[in-house]
Each structure stands twice: as C-alpha cells, then as structure tokens.
Amino acid sequence: MASIKDVAARAGVSVATVSRVLNSHPSVSPEARARVLAAVDALGYRPNAVARSLRTDQTRTLGLIISDVLNPYFTELARSVEEEARALGYSVIIGNADERPELQDHHVRTLLDRRIDGLLVSPTDGGSPLMLDAARAGTPTVFVDRWIPGVDVPVVRADGRAAIRDLVAHLYGLGHRRLAIIAGPAATTTGSERVEAFRDALREHRLALPEAYIGHGDFQADSGRRSTEAFLALPEPPEVVFAADNLMALGALDAIRAHGLRVPHDIALAAFDDIPWFVHTDPPITAIAQPTGELGRAAVRALVDRIEGRPPQSVTLPARLVVRSSCGEHAPTRRSNP
C-alpha cells in the first residue's frame, strides 16, 4: 500500500503539501494540487483514517441516532444529514433507537467507543441516561426534531403550531366541528407540543377537545389503529381524526377501512409529517409538512460548528399545511351546528 511519502515523492512536493491537498486546504497552488491528485490516483493511495484520528484526536465521523428508521420522516432526515455531512468532509454512522431509551443508550455507547466527533440525536421518550450524561459532559451534541428541556445543547426543529392552527381553521371552514387527535407520547416534546397546539387552535374556534377525543399513541401504526377503533366505538364519533405523525395516520386509515367506512365521506383524516405516499392514497391525505431536508442540513452545520470551535446556533423552521382531499375538500360543505 502506498504511503503519503510515496505520493509526495511522485508529485515532487513535501508531505505537508500532500496533507494540505487531502484536507482541502486553500493555501496550495492549483498546479501542486493537480500533481498531488494525479499521484494519488496513480498510486491508489488511501489515507489511513485510524492513524489520522490518533494524531488529530478527530475521526471526521458523526453519530446520528434516530427514533425510528421505519418512519419515512426519519429516513428522509437521515439522508439529508448524510449528504450534508459528506459535503463538509464527515462520515455518518446511524443508529436506530426504535423509540426505546435503552436501545438509544446502546447506540450512544457504541458511537462514543468509536470516537465519533459529535452526536445528532432525536431523543426517544424524553431522553436516556447515557445520552444525557454525554451531552452534559461536553460531547458535541445537537438535538434534531425533538429536544429535552433543560439540556443546554443546540436544537434544530420545525415549529408546527402555525400549521396546526391553519389545519384547524381549514377543517372548521369545511364545516367540521368534532375533531379528534391521536397524540404522540407525552414524554416527547413533539408529542406534547402537537396536542397542546391542537387544543389551542380548537379553542380559537370555541371548540372543545374532550378526553375521549384524545388518542394516546406512540408514533407507531398500531397505536393509530387502536386509537381510531376507540373513536369509532364512541356514541358520537369524531368527524375528523388528526394523527400527530404519518405512521399513526396510516394505522388510522387501516381502522377506518376495516369498519367499511370511507374517507372523507364517513370520516375525515389528516396527518402531521407529510410523506410521498400520501399523494398516492385514496383519497390523497391532507397533511402538515416539515422541511425535513433543511432540518437535517441545518443540524449537521450546527454540529460541525460546535466541533470546529464556532458558536453553534439553534434553528427553528416553519412547517406548512398541504391541502389535498381527505377532509372533504372537494365535497359540498358540511352543514353542522357550531
């Protein structure tokens, strides 16, 4: 295997110049850079990442721990994180917590053992002991999507309150008055925030949110199915089910169809976290879309700033309502008493 000295000798430059070229340092002339890159190609040279990390105390590797790899939202988030990290010269190791705090801690331990330079985490169920210890001990950390109040690390997230307000106003304008929500876990910030935003938006239209119209989900499809079954069994079922994430919305749709009901003719359905599939369901589902790609890229930039000694910034981006046809948008307006 060729060494960095072999590359320097073939290119007719110093070892330091080769190192600067490989690390994209701007001080190297275009001519020298071209000779070094030609020598790298000719010799098949590959830098020894392990040796470099021992010298610099950096591995140029980030750890990303997501809550559920089966959730299309987190799949898209992971993709944007990996793309932005690669553009900045970092690699990414991904761990799937599967909404389990103990599995989240397993991934934190594994990533720290591999000497990653920083952590991107979407905390599961309010966090986990080792993850909290790592953040508080100074491991460069950024929370993405979810966060933990009281833990002083940058947070990159979407604010869905305005979009939820837009959704409720949209539903109200269509004549709907009995609105239910399938909420996420109360221990997560996204779970508690979305149900409170929904309640506040209903209050603006003088609508109540009875306890029977709150489904207690876990961001998984089965919980969406169970909650919707409970709604449909009520003496006065809701006119709309709003699922606080996409997987719970798909579970709700399964339950509605299992009862022989049609969306939106018999009951309307809306979701938080838009996904490409929602365009292809029958009918296409009205949803709140988060700027997922932007969130992933912003989270990487914040973490790299923290790693490289620049002050990192928290980022909050707006979500938006995407109107389709699962709430009766193309049907005659309902007539209902306020």
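To keep things clear, this report deals only with the structure shown in the data block. Since this is a predicted model, take the numbers as computed values, not measurements.

About the cut-offs
- Residues numbered from 1 in each chain as written.
- Predicted model: local features only at pLDDT ≥ 70, side-chain atom pairs only at ≥ 80, totals over all residues.
- Heavy atoms only, no water.
- Pairing = 2+ DSSP bridges.
- Helix = DSSP H or I, 4+ residues; strand = E, 2+ residues; numbered from the N terminus.
- Axes fitted to C-alpha atoms, helices over the stretch in contact; angles between N-to-C directions.
- Contact = heavy atoms within 4.5 Å.
- Buried < 20%, exposed > 50% of the residue type's maximum accessible area, 1.4 Å probe, protein only.
- Polar contact = N/O pair within 3.5 Å; in protein donor to acceptor, adjacent residues only side chain to side chain.
- Arc of directions from axis to C-beta.
- Phe/Tyr/Trp six-rings, centres within 6.5 Å; stacked < 30°, edge-to-face > 60°.
- Lys NZ or Arg CZ within 6 Å of the ring centre and 35° of its normal.
- 1 Å grid on protein atoms, 1.4 Å probe; cavity = no way out; pocket = protein on both sides within 12 Å on 5 of 7 lines; lining within 4 Å.
- Points joined across faces, edges and corners; volume = space filled by probe spheres on them.
- Nonpolar A, V, L, I, M, F, W, Y, C, P; charged D, E, K, R; others polar.
- Expected span 1.5 Å × (residues − 1).

### Structural notes on the sheet that holds strand E8 (residues 240-243)
Stage number 1. If you trace the six strands from one edge of the open sheet to the other, you get E7-E6-E8-E9-E10-E12, paired in mixed fashion. Unpaired on one side and paired on the other, strand E7 (214-216) and strand E12 (320-322) mark the two borders of the sheet. The average undirected angle you get between the axes of adjacent strands in this sheet is 20 degrees.
Stage number 2. Here three bridges tie strand E10 (residues 286-289) to E12, and the two strands are oriented antiparallel to one another. Considered in E12, the bridge of Ala287 is made with Val322.
Stage number 3. Lying on the sheet, helix H8 (residues 161-173) is in contact with strand E6 (179-183), E8, strand E9 (268-272), E10 and E12; it crosses E12 at an angle near 35 degrees.

### Structural notes on the side chain of Asn71
Stage number 1. Locating Asn71 in the fold gives a position in the loop between strand E1 (61-66) and helix H5 (72-87).
Stage number 2. By relative accessible area, Asn71 is classed as buried at 2%.
Stage number 3. Within polar-contact distance, the side chain of Asn71 engages the side chain of Asp245 at 3.2 Å.

### What to know about the environment of Cys327
Stage number 1. Mapped onto the secondary structure, Cys327 falls in the segment after E12.
Stage number 2. Once the C-alpha coordinates of Cys327 and Pro283 are considered, the two residues, 44 residues apart in sequence, prove to be 9.2 Å apart.
Stage number 3. With residues near it in sequence (within four places) discarded, Cys327 still touches Leu171, Leu174, His176, Pro264, Ala268, Leu269, Ala270 and Thr286.

### Considerations on helix H2 (residues 15-22)
Stage number 1. For H2, the complete set of buried residues consists of Thr17, Val18 and Val21. The buried residues of H2 all sit within an arc of 100 degrees when viewed along its axis, so they share a single face.
Stage number 2. Of the surrounding secondary structure, the elements contacted by the buried residues of H2 are helix H1 (4-11) and helix H3 (30-43).

### Regarding the packing of aromatic side chains
Stage number 1. Tallied over the entire structure, the rule returns two aromatic pairs.
Stage number 2. Centroid distance Tyr73 to Phe74: 5.0 Å. Interplanar angle 75 degrees. Geometry classified as edge-to-face.
Stage number 3. Judged by relative accessible area, Phe74 falls into the buried class, the value being 3%.
Stage number 4. With a centroid separation of 5.3 Å and an interplanar angle of 35 degrees, the aromatic rings of Phe198 and Phe242 are classed as tilted. In this pair, Phe198 is assigned in helix H9 (residues 189-204) and Phe242 in strand E8, connecting sequence segments 44 residues apart.
Stage number 5. Taking NZ or CZ as reference, Arg60 lies 4.1 Å from the ring centre of Tyr90, over its face.
Stage number 6. Here Arg177 stacks its cationic end above the ring of Tyr172, 3.6 Å away from the centre of that ring.

### A short note on the environment of Val241
Stage number 1. Among the structural elements, Val241 can be located in strand E8.
Stage number 2. The class for Val241 is buried, based on a relative accessible area of 0%.
Stage number 3. Taking the C-alpha atoms as reference, Val241 lies 9.6 Å from Ile214; in sequence the two are 27 residues apart.
Stage number 4. With residues near it in sequence (within four places) discarded, Val241 still touches Ala180, Ile182, Thr228, Phe231, Ala252, Ile267, Ala268, Leu269 and Ala270.

### Observations regarding empty space enclosed by the protein
To find leftover empty space, one rolls a probe the size of a water molecule over the atoms.
Stage number 1. Here the structure, examined in full by the defined rule, presents two cavities of 30 Å³ or more.
Stage number 2. Volume-wise, the largest cavity comes out at about 80 Å³.
Stage number 3. Surrounding the largest cavity, Asp68, Asn71, Tyr73, Phe74, Glu99, Asp145, Arg146, Thr190, Arg194, Phe219, Asp245 and Asp273 form its lining.
Stage number 4. When residues of the lining of the largest cavity are traced back to their parent elements, those giving at least two are H5 and H9.
Stage number 5. Classifying every residue of the lining of the largest cavity gives three nonpolar, two polar and seven charged.

### Details of H5
Stage number 1. Spanning 16 residues, H5 covers 23 Å between terminal C-alpha atoms, matching the ideal 22 Å at 1.5 Å per step.
Stage number 2. Among the residues making up H5, those that are buried are Pro72, Tyr73, Phe74, Leu77, Ala78, Ser80, Val81, Glu84 and Ala85.
Stage number 3. Check the buried side of H5 and you find it contacts E1, strand E2 (91-96), strand E3 (118-121), strand E4 (141-144), helix H11 (246-258) and helix H12 (292-307).
Stage number 4. Of the residues that open H5, the one with a side-chain oxygen 2.9 Å from the backbone nitrogen of Tyr73 is Asn71.
Stage number 5. Taken from the residues just after H5, Gly89 is the one with a positive phi, measuring 90 degrees.

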